[in-house]
Each structure stands twice: as C-alpha cells, then as structure tokens.
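# Chains, contacts and geometry: an overview
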Amino acid sequence: MGLTRWWSAAGGLLLCTAAAAQAVDYAGGERWFPVNEGRQLAKELRYPNDAGAATTLNAKGPIDTKGHAFFTPLGGNGRACATCHQPADAMGLSVATIRERWNATKGQDPLFAPVDGANCPHLPQGQEASHSLLLSRGLFRIARPWPPRGDDGKPIKAEFSLEVVRDPTGCNLHAQHGLKSDNPTVSVYRRPRPVANLKYMLAVGFPFDPKNGLPLKRDPLTGEYMSGNLLSDARALTLPLQLQDAVRSHLQMNGNPTPEQVKQILDFEQQVFSAQSHDKWGGPLTDGGAMGGPEVLEKSRAGVLQNAQRNPIWKEFLPWKTSAPAANAEQQKFRESVARGAELFVKRMFLISGSTGINSMGFGSPVLNSCAMCHNMVNVGIDVAPGQVDLGTTNEPWAKPSPELPLFKLTCNANVKPHPFLGRVVYTQDPGYALTTGRCEDIGKITMQSMRGLAARAPYFANGSAKTLREIVEIYNRRYQIRLSEQEIDDLTNLMSVL
Amino acid sequence: MKTNTFLFFVAALLVADAATAQSDFRRFVTCPIYRDTDAGRKSGCWLGTQVETSERFDVSNSPDKPLAGRLMLVEGVPSNEKDICGGVVLQPVRISVLQEPCPEVIIPAEGWPSKPSVLPPLVIAPLSVPRKLPQPPFEEKQFHLIFDYDSDFLVYQSVELTIENATLLAQASKAKRVIVTGYADTQGVEASGRVYKETLALAKARAEMTAEALRRMGVRADTLQVKWQGNPAPLAHEAPMHEPSKRRVTVTVRP
C-alpha cells in the first residue's frame with residue numbers, strides 16, 4: 001500500500017484520537033518547517049512517514065518562531081538549529097527530507113552550506129556530486145582537530161598515529177581543510193542526532209562509567225555529573241557546550257549568541273519530545289493498553305536502568321501481547337509482532353564478542369546477553385553507562401564497504417597496549433570517540449543513539465550505513481551470528497518502527 | 001598465662017591455616033575456554049586448564065573475565081563450591097588478560113547447568129539512592145584497590161564502591177590529606193615457566209588513574225597526594241591472594 005493511499009485511509013482514525021484537538025496534522029502538507037519565517041510551532045506536530053506517523057510534542061505549548069533563536073539563522077550561512085532538526089523527522093533529519101529540499105531549492109537551501117553540507121568546502125557548490133554524502137546517506141562533514149584537544153582546549157598526545165588511506169571527498173588531504181593544513185583537521189561524516197527527548201540523553205544513572213574505568217566527568221559550572229551520551233564522539237558533554245560547538249561550526253557564527261538566545265535554545269531543546277505515535281497497521285500507539293508516542297516520554301523519569309524481570313525496556317508495548325483483539329486480524333497480527341519484538345529485545349540471548357565498550361571492560365569476550373544489555377535506559381534505549389561502543393559500523397573488518405567514505409590507518413604507539421580486538425594497526429572509516437580521547441581502545445567507538453522516532457529519520461547508524469530498520473537487525477544478526485529467524489527479524493523490525 | 005597460651009595456640013592455628021591455603025594457591029597461564037550456558041546472562045562459564053597438572057578450573061568468579069583468544073594469567077584457590085561449569089571452582093580467583101594470542105575456544109553448554117547471573121558484592125548504587133555519609137569520630141583509614149597484572153584499569157563492579165567509600169569519608173571528615181599510593185609487583189611472579197614482572201611506571205599509572213577517579217567522585221584536588229613504589233609488601237588480610245595484592249593502590253584518608 002502506498003503511503004499516500006494509506007494516509008488518506010487512516011486520516012479519519014488519527015483525527016479521532018483524544019490528543020487530536022491540539023495537534024496539527026501535516027498529512028499531505030509540506031514537511032519542511034521553515035526557518036526565519038515566523039510560522040507558529042504548535043503544541044503537537046504530526047507528520048506521516050513510511051511506518052505511520054511521528055509526533056513531536058512541543059510540551060510547553062505553541063511557540064511563535066519569529067525571532068526564536070532555535071529557528072533564526074544566527075551565523076553567516078543562513079542556517080538555524082531547526083535546519084537540521086526538523087519536527088517532521090522527529091527533530092533529526094531524514095535523507096528523504098534532504099533530497100526533497102535539494103529538489104525544491106535546486107540545492108540552494110542553507111542546508112547545503114559548503115562548510116559541512118558539501119563533501120568538502122572546496123568543491124564546486126550546487127552540484128549533486130559535491131553533496132553526494134548528504135544526499136545519499138544524510139551525512140554532514142564533522143571537522144575534528146588533529147591532534148585531539150582536551151576539555152581545556154590543549155592538544156592531547158594521542159596513543160596512535162593517523163594516516164589517510166583513502167580520501168574520496170578530497171578533504172582529508174586538502175591543503176586548506178586537511179591534515180596537513182595550518183589547522184590540521186580530520187573530516188569524518190555523520191548523521192545529525194535528534195534534538196528531542198534530551199532529558200534522557202543528559203540523564204545520569206550511575207556515577208561510574210565502566211567503559212572508561214573512571215567516574216563520569218563533572219560539569220565545571222554546576223558540579224553535576226555529565227552523561228556522555230549527547231554527541232557521537234562525546235566531544236561536548238553539556239547542552240551549552242554542544243550549542244557553542246554547533247553555532248560555531250554548523251551555523252558558522254562568529255562570536256557568541258546572546259544569553260537570551262542561549263536560554264531560548266536550551267529551554268526549547270529540553271521541552272521537545274518526539275516519538276512514533278501511529279502505525280499504519282497497528283493504529284494509534286496508545287491503543288489497546290500500549291503506551292507509545294511522545295507523551296509518556298515527557299512524563300517519565302529519565303536515567304532508569306531496565307530490568308528484565310521488574311522493569312523491562314519497551315514494556316510500553318507488552319500489553320499488545322495479551323490485550324483484547326484489535327479492530328481486525330491484520331492489526332492484531334501486527335500488534336502481537338511488536339509485543340514479541342519487545343520481549344525478544346530483552347530475552348533473546350546471544351554471544352556478543354570482539355566489541356570494545358562491551359567486551360573489554362570486565363564482562364569478558366564473549367558475553368551472553370540480549371539487545372537490552374547495551375540499549376538499557378528505559379524509554380529510549382540508550383546506554384545508562386554511557387554508550388560509546390564499537391559495533392563495527394566504522395572499523396574494518398566489520399564496517400560496510402563504503403568507497404565513498406574516507407579510510408584511515410591508525411597505528412597504536414609501541415608504548416601502549418594494542419587495540420583489544422583489532423591489534424596495533426586499525427583501519428577505520430571514522431575513528432569516532434578516539435578523536436575526542438586520543439585513546440587506542442576508543443578507535444571506532446560511537447555513542448549509542450536514541451531509538452525513539454526511528455521511523456521518521458532514516459538512514460541509521462552514525463554513518464548512515466543502514467538504510468532501513470530491517471537492515472539494522474540484519475547487520476546485528478550477521479555481526480554477532482545471532483541466527484534470528486525471519487519472524488524474529490520481522491518482530492524486532494516492527495518493534496523499532498513503533499518507537 | 002593461660003590466656004597467653006590460648007592466644008598463641010589460636011595464632012598458630014591461623015598461621016597453619018594460612019600456610020595450608022597458601023599451599024593450595026594456584027598460579028598458571030592458560031588459554032581460556034568459554035562454555036556457553038543455556039540460560040545464563042553476562043556470566044557464562046569461563047574455564048582454564050592448568051596444563052602442568054591437567055586440572056580444569058572454573059575461573060568465572062574473577063572480577064575481570066577473560067577474552068577468548070587471549071592467554072590469561074590465573075591466580076586462585078580451589079574451593080568446595082559446586083561444580084556447575086565442568087571444572088573445579090577457584091574462589092577467590094583473579095584472572096589477568098595477557099597480550100599473547102591463543103586459539104579462541106567457545107564450547108556449548110553440554111548439559112552443564114547454567115551459570116546464574118549474580119551481582120558481585122561490591123556494586124555501586126544508582127545516583128537515585130541517597131548516600132549515607134560516615135559519622136564521626138573520624139580516624140585515618142586505608143582503602144585498597146587490587147588490579148590485574150599489567151593493568152591500570154579500574155574494573156567495573158570490583159573497585160568503584162571502594163572509591164566511593166573513600167570519597168565519602170574524605171568528604172564527611174573534611175580530610176586534610178588523601179594519599180594515593182600506587183604499587184606494582186616489580187619483583188615479579190613465576191607462572192607456567194615464565195616470570196611476570198611489572199614496571200614502576202605501572203605503579204605510577206595506577207596511582208594517577210585512582211587519583212583521577214577520586215577527583216571526579218568529589219575528593220578535593222588540593223588534598224590529594226600521589227605516590228608510587230615497586231616491590232611492595234603484600235596485604236596480610238588478602239590471604240591467600242598475597243601476591244596479587246601487591247598489584248594495588250592504597251588510598252589513605254587522613255582526617
């Protein structure tokens with residue numbers, strides 16, 4: 001069934017839901033939320049996607065975006081925060097939206113700014129080839145200083161040397177933008193992380209980070225522990241620091257936003273909740289005893305560690321296992337599949353091996369556990385710990401062959417231990433967390449992503465290497481030789497489609 | 001006089017007991033075997049054969065678990081714990097992951113019962129649980145953190161509660177000085193025909209890692225004093241794991 005046909009058929013159902021009174025439904029409407037236009041941001045914004053619809057809950061009520069710092073270009077390239085954090089895409093940015101925007105503006109939208117919306121700033125602008133990573137995988141260029149810099153801005157002595165093996169974008173060897181430039185820079189390419197449900201990203205469950213073997217760092221301003229789950233490489237650990245990083249790099253702002261602008265952005269970011277709210281087969285995700293959608297995220301406590309017996313993750317959908325029959329057999333079948341997926345997520349054990357951040361911290365390799373071992377924070381499925389792990393999305397030999405991405409050769413220095421599973425020489429498409437810490441063991445570790453609103457923001461993984469939710473399951477199935485049955489793959493995929 | 005005789009007798013018994021335990025202490029290098037379990041969680045069975053005696057031991061109680069495909073140094077004492085993995089249970093036991101590769105061995109459960117998932121005794125509570133501060137009177141106290149051979153890594157569910165307890169005492173007593181002393185076994189130990197010696201640099205690294213942990217937990221930086229030394233005396237109360245106790249950091253909180 002095509003999306004348009006389904007949406008038209010399901011429209012009546014959606015408008016009958018209790019929350020519909022305050023929601024603005026964008027069925028069939030324009031997906032792009034404009035910046036610098038002054039459109040009102042409703043309390044609830046609901047947009048269709050291939051799996052159903054996602055809702056962004058602007059919890060404190062409608063906002064006039066005219067002059068609102070989140071929706072106003074603050075720098076020189078015409079971009080606002082909202083450019084890459086769209087309500088239709090659960091406050092992230094899908095490659096479908098990027099492609100639509102390219103077509104609508106012939107590549108002139110500030111989204112495609114050379115600084116990071118092109119494969120490299122030196123390439124001729126306005127040509128698809130120059131923006132191919134953004135258009136095909138939704139990847140923005142992230143320029144990281146080399147050598148890495150510590151919290152105080154001073155260079156860190158990295159435990160490894162770094163060489164460029166493959167440079168398809170031309171950026172890492174470029175005289176002005178590359179490693180040999182006056183401002184030595186490593187260019188890696190990553191998806192934007194959604195600006196929603198941030199209280200969960202910032203939540204701290206325990207004071208000790210077992211992956212680093214140290215307590216969490218503290219915010220020098222507040223003295224509070226910092227979660228480490230905010231960015232792909234944990235280069236900024238608080239929202240104010242992330243804001244500073246973003247406005248200077250992605251928005252190309254010279255100087256600083258005013259204190260009022262900073263407050264407006266931070267306040268907004270912390271009161272936005274996004275999740276899938278309707279499914280094309282299952283119906284409203286709050287029906288039949290289920291508790292999907294963004295409202296539950298606003299109300300629930302963040303930082304809670306799941307427990308397989310007492311408080312399993314995704315228990316929101318377990319009522320679909322036993323609740324009264326749904327409207328029709330097809331709906332019932334889908335709901336039962338989601339409930340099975342929720343159970344599998346917690347209970348389906350498999351051997352996890354060779355993954356730094358999981359196996360190298362004392363648990364051993366292999367370790368017998370389920371998806372919920374790492375995706376353990378109730379409501380969002382990030383890691384309480386925090387979640388810098390190497391699942392093989394960027395490190396050879398597990399990474400998906402990606403000749404369009406750079407490849408680096410990292411050699412661990414003789415005076416440090418080699419990488420726990422990959423030896424002294426590691427080939428990687430993105431050194432990830434190691435570009436923040438300079439540690440050999442951190443090569444290719446990437447911070448875990450929130451699992452909410454997934455259906456609205458394909459593709460997946462930090463480097464966009466999984467095009468669909470099903471592909472995520474299949475990648476894990478291969479990586480850890482789980483031997484999932486077709487039905488188990490369907491169930492886990494269906495679960496992820498309703499988050 | 002009668003009392004003195006009795007004390008002497010008890011002391012002699014303790015020494016004899018320690019000597020017996022010490023004689024049972026095993027140290028060997030071997031390739032770990034992971035035995036899968038039917039319904040275990042986190043903690044499948046970890047086995048290792050002491051090739052010199054052909055005895056197979058269960059080392060699953062170690063705070064740090066082995067990596068399949070890498071040699072491990074095993075130190076422990078055979079116990080009477082029920083064998084549910086296919087090997088005599090070592091308890092206490094500590095394994096250290098070595099750099100040398102070996103065949104990666106993962107075998108099925110083969111009918112052995114599951115290794116139940118049991119939380120270790122020293123697990124830090126979530127931040128949502130209020131901490132109880134130590135109450136006066138305050139006295140100088142030492143906290144010991146044992147490390148794996150050739151490692152400065154603070155292993156999860158093994159030492160973090162000790163670090164927190166030292167921090168809470170330092171905070172409650174407004175400690176004037178928190179002395180962090182790192183030790184490394186520079187004299188070394190013999191295992192399976194090889195000598196395993198640590199460097200003095202490792203003692204320093206252990207001390208600095210622990211000091212950083214204490215700082216992050218909330219110990220005032222200006223009270224911290226970091227020291228290190230080689231060839232330390234073992235900790236008497238760690239018997240029979242005397243020699244592993246040389247690989248430690250001792251935190252002295254001085255109110």
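In this text the structure is predicted, and so the values were computed from the model without any measurement.

## Topic: the state of the cysteines
Going through the model one piece at a time under the given rule, you end up with four disulfides over all chains. Through a disulfide, C31(B) is tied to C102(B); the S-S separation comes to 2.1 Å. Its S-S torsion of approximately 80° makes the covalent link between C31(B) and C102(B) right-handed. Here the residue C31(B) occupies a position in the loop between β1 (26-30) and β2 (33-35), and C102(B) occupies one in the loop between β6 (88-101) and β7 (105-107), the gap between them amounting to 71 residues. For the pair formed by C31(B) and C102(B), the shared burial category is buried. C45(B) shares a disulfide with C85(B); S-S distance 2.1 Å. For the disulfide bridge between C45(B) and C85(B), the dihedral angle about the S-S bond is near -70°, and by the sign convention the bridge is left-handed. Taken as a pair, C45(B) in strand β3 (residues 45-50) and C85(B) in the loop between β5 (70-78) and β6 lie far apart in primary sequence, 40 residues in all. No difference in accessibility class separates C45(B) from C85(B), as the two residues are buried. Bonded cysteines in chain B are paired 1-4, 2-3 when counted in the order they occur along the chain. Bonded cysteines in chain A are paired 1-2, 3-4 when counted in the order they occur along the chain. A disulfide-free cysteine, C81(A) has its sulfur positioned 9.2 Å from the sulfur of C84(A), the nearest such atom.

## A look at the packing of aromatic side chains
Two descriptors summarise a pair of aromatic rings, namely the distance from one centre to the other and the angle between the planes of the rings. This structure, assessed with the given rule, holds 14 aromatic pairs over all chains. Judged by centre distance (5.2 Å) and plane angle (65°), the rings of F70(A) and F71(A) are edge-to-face. On the basis of relative accessibility, which here comes to 0%, the residue F70(A) falls in the buried class. A relative accessible area of 2% places F71(A) in the buried class. Ring pairing ties together the aromatic residues F33(A), F70(A), F71(A) and F268(A), which thus form one cluster. The aromatic ring of Y183(B) is capped on one face by R248(B), whose charged end is 4.3 Å from the ring centroid.

## Observations concerning the UniProt feature "domain: OmpA-like" (unreviewed entry) in chain B
As recorded in UniProt, the feature "domain: OmpA-like" (unreviewed entry) lies at residues 134-255 of chain B. Taken end to end, residues 134-255 of chain B is 25% helix and 28% strand, and its two terminal C-alpha atoms sit 12 Å from one another.

## A look at the side chain of D116(A)
Residue and element names in this part refer to chain A. One can find D116 in helix α4 (residues 114-117). Exposure remark for D116: the relative accessible area of 3% places this residue in the buried category. Side chain to side chain, D116 and R79 meet in a polar contact 2.6 Å long.

## Side note on the interface of chain A and chain B
Across the boundary between the two partners, chain A contributes 32 residues, which contact 38 residues of chain B. Interface area for chain A against chain B, summed over the two sides, is near 2900 Å², with a carbon-plus-sulfur share of 65%. The largest share of the area that chain A buries against chain B comes from F208(A), F363(A) and L368(A), three residues that together contribute 19% of it. Along the contact surface separating chain A from chain B lie zero salt bridges. Between chain A and chain B we count nine residue pairs in polar contact (both at pLDDT 80 or more) in total. Of all the secondary structure elements, the ones that give two or more residues to the side of chain A that touches chain B are β10 (214-215) and β14 (367-369) of chain A. Ranked by residues supplied to the side of chain A that touches chain B, first place goes to β14(A) with three residues.

## Description of the packing of helix α2 (residues 160-172) of chain B against helix α3 (residues 200-217) of chain B
Residue and element names in this part refer to chain B. Following both chains from N to C, one finds α2 and α3 inclined at 60°, their axes separated by 9 Å at the closest point. Relative to α3, α2 is oriented oblique. In terms of crossing hand, the pair formed by α2 and α3 is right-handed. Residues E160, I163, E164, A166, T167 and Q171 of α2 form the contact with α3, whose own contacting residues are A213, L214 and M217. Classifying every residue of the contact of α2 with α3 gives five nonpolar, two polar and two charged.

## Focus on a nonpolar patch on the surface
Taken together, the side chains of V165(A), V425(A) and Y427(A) make up a nonpolar region of the molecular surface, amounting to roughly 230 Å² of accessible area. Considering the arrangement of structural elements, one finds V425(A) in strand β17 (residues 425-428).

## Remarks on the environment of L422(A)
Residues and elements named next belong to chain A. Here L422 lies in the loop between β16 (407-412) and β17. By relative accessible area, which is 25% here, L422 ends up partly exposed. C-alpha separation for the pair L422 and L410, spaced twelve residues apart in sequence, amounts to 11 Å. Beyond its immediate chain neighbours, meaning those up to four positions away, L422 contacts D390, N395, E396 and P397.

Quick notes on the rules
- Residues numbered from 1 in each chain as written.
- Chains lettered and ligands numbered in written order.
- Predicted model: local features only at pLDDT ≥ 70, side-chain atom pairs only at ≥ 80, totals over all residues.
- Heavy atoms only, no water.
- Disulfide = S-S within 2.5 Å.
- Helix = DSSP H or I, 4+ residues; strand = E, 2+ residues; numbered from the N terminus.
- Buried < 20%, exposed > 50% of the residue type's maximum accessible area, 1.4 Å probe, protein only.
- Phe/Tyr/Trp six-rings, centres within 6.5 Å; stacked < 30°, edge-to-face > 60°.
- Lys NZ or Arg CZ within 6 Å of the ring centre and 35° of its normal.
- UniProt positions renumbered as here; feature names shortened; annotations may be inferred.
- Polar contact = N/O pair within 3.5 Å; in protein donor to acceptor, adjacent residues only side chain to side chain.
- Contact = heavy atoms within 4.5 Å.
- Buried area = accessible area lost by both parts, 1.4 Å probe.
- Salt bridge = Lys/Arg side-chain N within 4 Å of Asp/Glu carboxyl O.
- Axes fitted to C-alpha atoms, helices over the stretch in contact; angles between N-to-C directions.
- Parallel < 35°, antiparallel > 145°, perpendicular 65-115°, else oblique.
- Left-handed = near helix turned anticlockwise from the far one by under 90°.
- Nonpolar A, V, L, I, M, F, W, Y, C, P; charged D, E, K, R; others polar.
- Patch = residues over 30% accessible without salt bridge, like charges linked within 9 Å, V, L, I, M, F, W, Y side chains within 5 Å.
- Areas by Shrake-Rupley, 256 points an atom, 1.4 Å probe, with all protein chains shown as cover.

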